[in-house]
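# Structure assessment
Listed below are the residues making up each chain.
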Amino acid sequence: MKQHLRYLVRALCAVLLGIAASRSAEASVALLMEEPYGAFGAFNPTGHAAIYLSQVCADGPTQLRMCRDGEYGVVISRYHKVGGYDWIAVPLIPYLYAVNSVEQIPASVDKAAVARLRDSYRREYLEQLAPDEESGTPPKGEWVQLVGSSYDRKIYGFQMETTREQDERFIASMNDRKNVGHFNLFFHNCADFSRIALNAYFPHAVHRNFVADAGLTTPKQVARSLVKYGRKHPELRMREFVIPQVRGDMPRSHSVDGVAEALAKSKKYIVPLVVLNPEVSGAIVVAYLMDGRLKMPKNPNVFQVSEADVTDAPRSGSGDARRTLLMEDTGQ
């Protein structure tokens with residue numbers, strides 16, 4: 001009897017381990033809606049959009065492949081004047097923290113530490129995209145957004161499950177297409193890239209907003225479309241999460257706004273408009289209230305990485321962080 005019980009327990013454990021392994025191998029795609037920061041972020045509060053793929057990895061900054069064991073996936077986005085490319089792929093951990101491993105992630109940073117981490121990673125992996133100045137100093141430009149994004153911004157994530165077949169089609173499409181930069185703030189920006197990438201997985205899921213955003217694609221509109229699509233397709237198990245901005249003396253990022261929302265909520269824009277043209281200002285406010293709002297999750301899962309586990313939360317699992325970083329329920 002005892003021997004049969006041991007066999008039963010072992011069989012049950014094997015089943016549970018199989019379920020855990022299958023869940024860790026689940027593929028997913030996530031929109032990263034990143035808050036704006038700095039002077040330009042104050043002027044243009046639409047923020048930045050990027051795509052995270054849990055089972056797709058970078059084979060260099062301009063090639064994709066399926067992930068191997070122990071890899072965390074890739075973040076892909078469109079940037080302005082970075083190596084002449086249209087899109088750049090960076091592994092998840094360097095993208096967020098400018099380091100290669102979980103153990104190297106700092107608990108807090110200052111400006112000097114961020115600059116040092118970014119430049120160290122650039123010199124080792126991104127020299128071809130952002131070579132030194134003639135003086136030997138780090139170059140200026142948007143390459144800094146490729147690494148250590150969590151030092152500058154708070155990031156909201158909207159994640160849905162995918163299949164290996166979808167990932168393989170996406171990889172083939174991206175690797176085959178001509179990767180030449182032609183960034184345009186109005187019609188070919190980072191949010192447009194995210195819209196096209198997500199529609200490759202879920203056709204017609206994401207669209208422009210010609211009312212609240214005057215036809216521009218904004219990160220918030222991409223998130224709004226994705227949330228609506230996720231509600232219509234519960235089988236995709238959409239999850240929402242937040243990646244906190246790393247503690248330290250780096251300036252805090254600002255909230256993400258759409259076009260009409262930015263105009264309606266900012267006194268420096270709306271007050272002159274009311275004086276000069278109250279009808280137009282009224283139309284902007286109505287457009288925002290009718291079709292420009294996105295209800296942010298009140299208590300989203302918090303994405304935090306520690307040496308022992310993928311989160312610092314008491315409900316975190318066994319410590320197997322392979323390609324499941326953004327699925328963990330922190331219990332927040």
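Turning to the packing of aromatic side chains, a few remarks are in order. Per the counting criterion, the structure on display carries five aromatic pairs. Residues F170 and Y201 carry aromatic rings whose centres are separated by 5.3 Å and whose planes lie at 35° to one another, so their mutual orientation is tilted. You can see F170 sitting in helix α6 (residues 164–176) and its partner Y201 sitting in helix α7 (residues 190–201), a full 31 residues away along the chain. No difference in accessibility class separates F170 from Y201, as the two residues are buried. On the numbers, 6.2 Å between centres and 45° between planes, the contact of Y201 with F202 is tilted. We classify Y201 as buried; its relative accessible area is 5%. Put simply, the rings of F170, Y201, F202 and Y229 touch in pairs and so form one group of aromatic residues.

Attention now goes to the packing of α6 against α7. It is the contact of α6 with α7, at a shortest axis distance of 9 Å, that shows an interaxial angle of 135°. Comparing their axes, α7 and α6 come out oblique. Between α6 and α7 lies a crossing of right-handed hand. For the pair α6 and α7, the contacting residues are Q166, D167, F170 and M174 in the first and F193, A197, A200 and Y201 in the second. Classifying every residue of the contact of α6 with α7 by side-chain character gives six nonpolar, one polar and one charged.

The next thing to look at is the sheet that holds strand β9 (residues 239–243). Read across the open sheet, the seven strands follow the order β6-β5-β2-β1-β8-β9-β11; overall the sheet is mixed. The open sheet is flanked by β6 (87–91) and β11 (301–302), the only strands paired with a single partner. As paired elements, strand β8 (residues 155–162) and β9 share five bridges and run antiparallel to each other. In the strand pairing of β9, Q159 is matched with R239. Each of β1 (27–34), β2 (48–53), β5 (74–78), β6 and β8 touches α7; the most contacted strand, β2, lies at about 30° to it.

For the rest of this paragraph, the subject is the environment of F170. According to the relative accessible area criterion, F170 is buried, its value standing at 6%. Sequence separation between F170 and R65 is 105 residues; the distance between their C-alpha atoms is 9.8 Å.

Our next topic: the nonpolar core. Judged by nonpolar contacts, the single largest core of 38 residues is most densely connected at L31, L53, L64 and I76. A per-element tally of this core places α7 first, with six residues. With residues near it in sequence (within four places) discarded, L53 still touches S28, V29, G73, V74, I76, D167, F170 and Y201. Core analysis: the next-biggest nonpolar cluster, separate from the first, contains 34 residues, A98, Y121, M250 and F303 among them.

It is worth spelling out helix α4 (residues 111–125) at this point. Spanning 15 residues, α4 covers 21 Å between terminal C-alpha atoms, matching the ideal 21 Å at 1.5 Å per step. Those residues of α4 that fall on the buried side of the exposure criterion are A113, V114, R118, D119, Y121 and R122. Residue D110 occupies the N-cap position of α4, its side-chain oxygen lying 3.3 Å from the main-chain nitrogen of A112.

Our next topic: the environment of Y97. Mapped onto the secondary structure, Y97 falls in helix α3 (residues 92–97). According to the relative accessible area criterion, Y97 is buried, its value standing at 5%.

Along β1, eight of the eight residues are buried, which leaves the element largely enclosed by surrounding structure. Judged by which residues are buried, β1 turns out to be covered on both faces: A27, V29, L31 and M33 on one side and S28, A30, L32 and E34 on the other are all buried. In this structure, β1 lies alongside β8, joined through eight bridges in antiparallel fashion. Following the sheet pairing, L31 is matched in β8 by F158.

Right, let's talk about the confidence of the model for the chain for a bit. When the pLDDT values of the chain are averaged, the result is 77; 67% of them are 70 or greater. In the model, residues 306–332 has pLDDT below 50 throughout and makes 64 contacts with residues more than four positions away in sequence or in other chains.

Right, let's get into the packing of α7 against helix α8 (residues 219–232). It is at 8 Å that the axes of α7 and α8 come closest, and there the two elements cross at 20°. By the criterion of interaxial angle, the relationship of α7 to α8 is roughly parallel. Viewed along their axes, α7 and α8 form a crossing whose handedness is left-handed. Listed contacts from α8 to A191, S194, R195 and L198 of α7 are P219, V222 and L226. Within the contact of α7 with α8, the residues separate by chemical class into five nonpolar, one polar and one charged.

Here is what the cut-offs are and how they apply
Residues numbered from 1 in each chain as written. Predicted model: local features only at pLDDT ≥ 70, side-chain atom pairs only at ≥ 80, totals over all residues. Heavy atoms only, no water. Phe/Tyr/Trp six-rings, centres within 6.5 Å; stacked < 30°, edge-to-face > 60°. Helix = DSSP H or I, 4+ residues; strand = E, 2+ residues; numbered from the N terminus. Buried < 20%, exposed > 50% of the residue type's maximum accessible area, 1.4 Å probe, protein only. Axes fitted to C-alpha atoms, helices over the stretch in contact; angles between N-to-C directions. Parallel < 35°, antiparallel > 145°, perpendicular 65-115°, else oblique. Left-handed = near helix turned anticlockwise from the far one by under 90°. Contact = heavy atoms within 4.5 Å. Nonpolar A, V, L, I, M, F, W, Y, C, P; charged D, E, K, R; others polar. Pairing = 2+ DSSP bridges. Core = buried A, V, L, I, M, F, W, Y, C linked by side-chain atoms within 4.5 Å. Expected span 1.5 Å × (residues − 1). Polar contact = N/O pair within 3.5 Å; in protein donor to acceptor, adjacent residues only side chain to side chain. pLDDT = per-residue confidence, 0-100.

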